[in-house]
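Each chain is listed here by its residues.
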Amino acid sequence: MDAIVLLKDDHKTVEKLFKEFEGAGERAYKKKRDLVDQIIEELTVHAHIEEQIFYPAAREGVPATSDHILESVEEHHVVVWMLSELVELDPQDERFDAKVTVLIENVRHHVKEEEEEWFPEVREAMGRKRLQELGEEMEKARPAAPRNPLALSSARS
Ligand SMILES: [Fe+2]
Ligand SMILES: [Fe+2]
């Protein structure tokens, strides 16, 4: 599978979970806990394969994207810390919904920048064959990816 198609599919999966969260009732604590656990796992695995495989390859293949990629890593940094807080936070805590709302805003902004500002540049410069190799590599890396957000390289520094 093409690397960019794979990453966009992940974005869609996460957006679906966001919408479900937004539609969940105020007191649907169990449902919201369950959705947030899924969001944490999806985003952690996704960020891992981007950071370990896609971002370095894009930076090497398309040096003009470097600034975008550095900014993307900083955005991951903020998001993974929010995820790590949500691992422990009780859905009945008054800060829970607010934290998830800000997480969703951050991720939507980040995804929009990836999809609109620099993925197209990478697609154009890299070509289908290279993107397919990267897609395969990312697919293979998924099962062993960490599920703990603080294990991501962007969690550090
Ligand atoms: Fe990303
Ligand atoms: Fe992404």
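Just above sits the structure.
Within each chain, residues carry numbers counting from 1 in the order of the written sequence. Note on labels: chains are lettered from A, ligands numbered from 1, in written order. Where local features are concerned, this predicted model is filtered to residues with pLDDT of at least 70; where side-chain atom pairs are given and counted, the filter is 80 or more; whole-chain, interface and lining totals use all residues. For side-chain calculations, the full set of non-hydrogen atoms in the structure is used, while hydrogens and water are omitted.

Between any two of four tetrahedral donors, the ideal angle at the metal is 109.5 degrees; between two of six octahedral donors, it is 90 or 180 degrees. Coordination here is defined by N, O and S atoms within 2.8 Å of the metal (3.2 Å for Na, K and Ca), and since water is not considered, a site can look incomplete. The protein atoms that coordinate the iron ion (ligand 2) are His11 (NE2), His46 (NE2), Glu50 (OE) and Glu114 (OE), at distances of 2.1 to 2.2 Å. Around the iron ion (ligand 2) sit four donor atoms, and with donor-metal-donor angles ranging over 82 to 173° the site reads as irregular. All donors of the iron ion (ligand 2) come from a single chain, and their spacing in sequence reads H-x34-H-x3-E-x63-E. Separating the iron ion (ligand 2) and the iron ion (ligand 1) is a distance of 3.3 Å, and Glu50 donates to both of them. Taken together, the positions of His11 in helix H1 (residues 3–23) and Glu50 in helix H2 (residues 29–61) put the pair 39 residues apart, joining distant regions of the chain. The residues His11 and Glu50 share a single accessibility class, namely buried. Just to be clear on the cut-offs, tetrahedral is four donors with all angles between 85 and 135 degrees, square planar is four donors and octahedral six with opposite donors over 155 degrees apart and all others between 65 and 115, and anything else goes down as irregular. Strands here are runs of E lasting at least two residues and helices are runs of H or I lasting at least four, both read from the DSSP assignment and numbered beginning at the N terminus. Burial classes: relative accessible area under 20% of the type maximum marks a residue as buried, over 50% as exposed, and values in between as partly exposed (1.4 Å probe, protein chains only).

Bringing the coordination of the iron ion (ligand 1) into the picture now. Taken together, the protein donors to the iron ion (ligand 1) comprise Glu50 (OE), Tyr55 (OH), His76 (NE2), His110 (NE2) and Glu114 (OE), at separations of 2.1 to 2.3 Å. Counting along the primary sequence, the residues that act as donors to the iron ion (ligand 1) give the motif E-x4-Y-x20-H-x33-H-x3-E.

By the element assignment, Asp10 lies in helix H1. Classification of Asp10 as buried rests on a relative accessible area of 6%. Only heavy atoms enter the contact rule, under which two residues are in contact if any of them lie within 4.5 Å. Once residues within four sequence positions are removed from consideration, Asp10 is found in contact with His46, Ile49 and Arg142.

Now for the environment of Glu114. Its place among the elements puts Glu114 in helix H4 (residues 96–141). Between the C-alpha atom of Glu114 and that of Lys129, which follows or precedes it by 15 residues, the distance is 20 Å. Looking at Glu114, its side chain comes within polar contact range of the side chain of His11, at 3.0 Å. Under the rule applied, a polar contact is a pair of N or O atoms within 3.5 Å (in protein, one hydrogen donor and one hydrogen acceptor; residues adjacent in sequence only if both atoms are side-chain atoms).

What follows concerns the pattern of salt bridges. Put simply, a salt bridge is a Lys or Arg side-chain nitrogen that is within 4 Å of an Asp or Glu carboxyl oxygen. The full count for this structure, using the stated rule, is 14 salt bridges. Its salt-bridge partner being Arg130, residue Glu133 comes within 3.1 Å of it at the nearest N-O pair. Of this pair, Glu133 and Arg130 are both found in helix H4, three residues apart, which corresponds to roughly one turn of the helix. For Glu133, a relative accessible area of 37% corresponds to the partly exposed category.

Its location among the elements puts Arg33 in helix H2. When residues no more than four places from it in sequence are discounted, the contact partners of Arg33 are Ile40, Leu86, Val87, Leu89, Pro91 and Phe96.

Before going further, it helps to examine the packing of H1 against H4. How two helices sit against one another is set out by the angle between their axes and by the gap between those axes. Direction vectors running N to C along H1 and H4 enclose 165°, while the axes themselves pass 6 Å from each other. With respect to each other, H1 and H4 are oriented roughly antiparallel. In the crossing of H1 with H4, the sense of the turn from one axis to the other is left-handed. Each residue is assigned to one class: nonpolar for Ala, Val, Leu, Ile, Met, Phe, Trp, Tyr, Cys and Pro, charged for Asp, Glu, Lys and Arg, and polar for all the others, Gly among them. Residues belonging to the contact of H1 with H4 are distributed by class as follows: 17 nonpolar, two polar and ten charged. Only the contacting stretch of a helix is used when fitting its axis, a line to C-alpha atoms as for every element, and angles between N-to-C directions run 0 to 180 degrees. If an angle is under 35 degrees, it is roughly parallel; if it is over 145, roughly antiparallel; if it lies from 65 to 115, roughly perpendicular; otherwise it is oblique. Each crossing gets its hand from how the near helix is turned against the far one by less than a right angle, where anticlockwise is left-handed and clockwise is right-handed.

This part covers the packing of H2 against H4. Contact geometry of H2 with H4 gives a least axis separation of 8 Å together with a crossing angle of 40°. Here H2 is positioned oblique relative to H4, judged by the angle of their axes. Seen along the crossing, H2 lies across H4 with a hand that is left-handed. Considering only residue class, the contact of H2 with H4 consists of 21 nonpolar, three polar and seven charged.

With that out of the way, let us pick up the packing of aromatic side chains. A pair of Phe, Tyr and Trp rings is counted when the ring centres sit within 6.5 Å of each other, with Trp represented by its six-membered ring. The angle between the planes then sorts it: under 30 degrees is stacked, over 60 is edge-to-face, the rest tilted. If you walk through the whole model with that rule in mind, you get five aromatic pairs. On the numbers, 5.4 Å between centres and 65° between planes, the contact of Tyr55 with Trp118 is edge-to-face. Placement of Tyr55 in helix H2 and of Trp118 in helix H4 is noted, with a sequence separation of 63 residues between them. The same class applies to Tyr55 and to Trp118, which are both buried. By way of ring pairs, the aromatic residues Phe54, Tyr55, Trp118 and Phe119 are connected into one cluster.

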